[in-house]
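Given next are the chains, with one letter for each unit.
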Amino acid sequence: MTGTHGDELEGQFVCYELLRRLKAEPGQLRGIVDVYPALNPLGIDSITRGIPMFDLDMNRIFPGNEKGAMMESLVYHLTEDLKGADLCVDIHASNIFLMELPQVRINEMTAETLVPLAEKINVDLVWIHANSTVLESTLAYSLNQAGTPTLVVEMGVGMRITREYGYRLVDGILNVMRELGLWEGGTAAVREPVISTDRAVSYLNADKAGIYVPQVQIGEQVKEGTLLGEILNPLTGDVEQAVTAPAEGLLFTRREYPVVYSGSLLGRILGGIEK
Ligand SMILES: [Zn+2]
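All values derive from a computational prediction rather than experimental measurement.

What counts, and at which threshold
Residues numbered from 1 in each chain as written. Predicted model: local features only at pLDDT ≥ 70, side-chain atom pairs only at ≥ 80, totals over all residues. Heavy atoms only, no water. Buried < 20%, exposed > 50% of the residue type's maximum accessible area, 1.4 Å probe, protein only. Helix = DSSP H or I, 4+ residues; strand = E, 2+ residues; numbered from the N terminus. Arc of directions from axis to C-beta. Contact = heavy atoms within 4.5 Å. Donors = N, O, S within 2.8 Å, 3.2 Å for Na, K, Ca; no water. Tetrahedral: all angles 85-135°; square planar, octahedral: opposite > 155°, others 65-115°. Core = buried A, V, L, I, M, F, W, Y, C linked by side-chain atoms within 4.5 Å. Domains from an automatic or database assignment. Buried area = accessible area lost by both parts, 1.4 Å probe. Salt bridge = Lys/Arg side-chain N within 4 Å of Asp/Glu carboxyl O. Phe/Tyr/Trp six-rings, centres within 6.5 Å; stacked < 30°, edge-to-face > 60°. 1 Å grid on protein atoms, 1.4 Å probe; cavity = no way out; pocket = protein on both sides within 12 Å on 5 of 7 lines; lining within 4 Å. Points joined across faces, edges and corners; volume = space filled by probe spheres on them. Nonpolar A, V, L, I, M, F, W, Y, C, P; charged D, E, K, R; others polar.

Would you mind going over helix α4 (residues 111-118) with me for this structure?
The periodicity of an α-helix, 3.6 residues per turn, causes residues three or four positions apart to be oriented the same way. Burial in α4 covers these residues: A111, L114, V115, L117 and A118. With its buried residues spanning 165° around the axis, α4 presents them on a single face. Taken together, the buried residues of α4 touch β2 (98-107), β3 (125-129), α5 (139-145), β4 (150-156), α6 (163-179) and β5 (194-195).

This is how it looks when you write it as structure tokens:
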């Protein structure tokens, strides 16, 4: 399922490509695949992240309420519809500001169940969050609480399609389906992700306002002190800030939207990777 956030479109391509692959070998399917390409269709149609007119983040009202307002009731029935699946995959695409390397985000409470599945879904990184930082009103939290294993995939950037990531995730989903005995058709080799446990995540924030121009690609291994990008001043022709890596590691989040202010997130680095 995808499209809770109407400005995240990477999942649209995944839905298309997954269905195309399943339809190419229909005799190899050993179960049922339900595809929900637009959980927030009003948002997708109006290029709005939340639910338009309500100023509401759809991923903050789960599990909903059968007798509540329209969206609460909708979300309740959606949750009920999804419950009981062998696996749910909730595909997100960051936002328009940041590009994310394909990753699965997991609450530490559900790590035991979900990490073995996440390892097979062809992402670069499995990021396990401490329980205290986990939002309880999300779709994935509600489903996992209800005993339906649900992986949250974050990849790419808002309002864009990164085809390479889409193909990779489809390979990963088919690989997991094969593991679960749901698919006997073609699969491709998948990569083994880095697990975030015991590794430090460094956050890069802007000190100055200006126009951020990155100098390194997402997914690069950077060294401490590597120049990651510059914050430029288009009015004076000066470099306001040369942004360098605070630690060695994998650049797994990269600022894409150029306008930044003091405090804006420019990237994230996962440290401690042995090469
Ligand atoms: Zn999202």
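Still more to cover.
Can you walk me through the coordination of the zinc ion in this structure?
Under ideal tetrahedral coordination, the four donors around a metal are separated by 109.5 degrees; under ideal octahedral coordination, the six donors are separated by 90 or 180 degrees. The coordination sphere of the zinc ion contains the protein donors H5 (ND1), E8 (OE), E8 (OE) and H92 (ND1), at a distance range of 2.0 to 2.5 Å. Coordination geometry of the zinc ion: the four donor atoms subtend angles of 56 to 149° at the metal centre, consistent with an arrangement described as irregular. Here the donor residues of the zinc ion are spaced in sequence according to H-x2-E-x83-H. By relative accessible area, H5 is classed as buried at 5%.

So what exactly am I meant to see when it comes to the nonpolar core here?
Proteins that are soluble and globular tend to have nonpolar side chains buried together. Residues V104, I106, I121, L151 and L169 are the most contacted members of the largest nonpolar core, which totals 38 residues. Counting only elements with at least two residues in this core, the list comes to α1 (10-24), β1 (88-92), β2, α4, β3, β4, α6 and β11 (249-255). Ranked by the residues each element gives to this core, the list is headed by α6, at seven residues. With residues near it in sequence (within four places) discarded, L151 still touches L87, C88, V89, D90, V104, I106, L114, L117, A118 and I121. Of all hydrophobic cores here, the second largest spans 14 residues; its members include Y36, M71, C88 and L139.

Would you take a moment to explain the domain arrangement of the protein chain for this structure?
Along its sequence, the protein chain is carved into domain 1 (10-195) and domain 2 (201-271). A straight line from the C-alpha centre of domain 1 to that of domain 2 covers 28 Å. Contact residues are listed per partner, giving 13 residues for domain 1 and 15 residues for domain 2. Taken together, the two surfaces of domain 1 and domain 2 that pack against each other cover about 1,200 Å², and 74% of this comes from carbon and sulfur. Counting across the interface, domain 1 meets domain 2 through one salt bridge.

So what exactly am I meant to see when it comes to the packing of aromatic side chains here?
Describing an aromatic ring pair means giving the distance of the ring centres and the angle of the ring planes. If you walk through the whole model with that rule in mind, you get four aromatic pairs. Centroid distance F13 to Y16: 6.0 Å. Interplanar angle 35°. Geometry classified as tilted. Placement of both F13 and Y16 in helix α1 is noted, with a separation of three residues, approximately one turn of the helix. Put simply, the rings of F13, Y16 and Y167 touch in pairs and so form one group of aromatic residues.

Would you explain the layout of surface pockets in this entry?
Over the atoms rolls a probe the size of a water molecule, and its path tells where empty space is left. Approximately 720 Å³ is the volume found for the largest pocket. Elements supplying a minimum of two residues to the lining of the largest pocket: β1, β2, β3, α5 and β4. For the lining of the largest pocket, a count of residues per class yields 11 nonpolar, 13 polar and nine charged. Of the volumes computed, that of the second largest pocket is approximately 580 Å³. Around the second largest pocket, the lining is made up of 25 residues, and of these I32, V33, D34, L87 and C88 lie nearest the centre. Breaking the lining of the second largest pocket down by element, the ones donating at least two residues are α1, α3 (70-82), β1 and α6.

Please explain empty space enclosed by the protein as it appears in this structure.
Here the structure, examined in full by the defined rule, presents one cavity of 30 Å³ or more. In this structure, the largest cavity spans a volume of roughly 40 Å³. Lining the largest cavity are L204, Y212, P214, V216, L228, L251, T253, R254 and L266. Mapped onto the lining of the largest cavity, the elements with two or more residues apiece are β7 (210-214) and β11. Of all the elements, β11 adds the most residues to the lining of the largest cavity, at three residues. Along the lines of polarity and charge, the residues of the lining of the largest cavity split into seven nonpolar, one polar and one charged.

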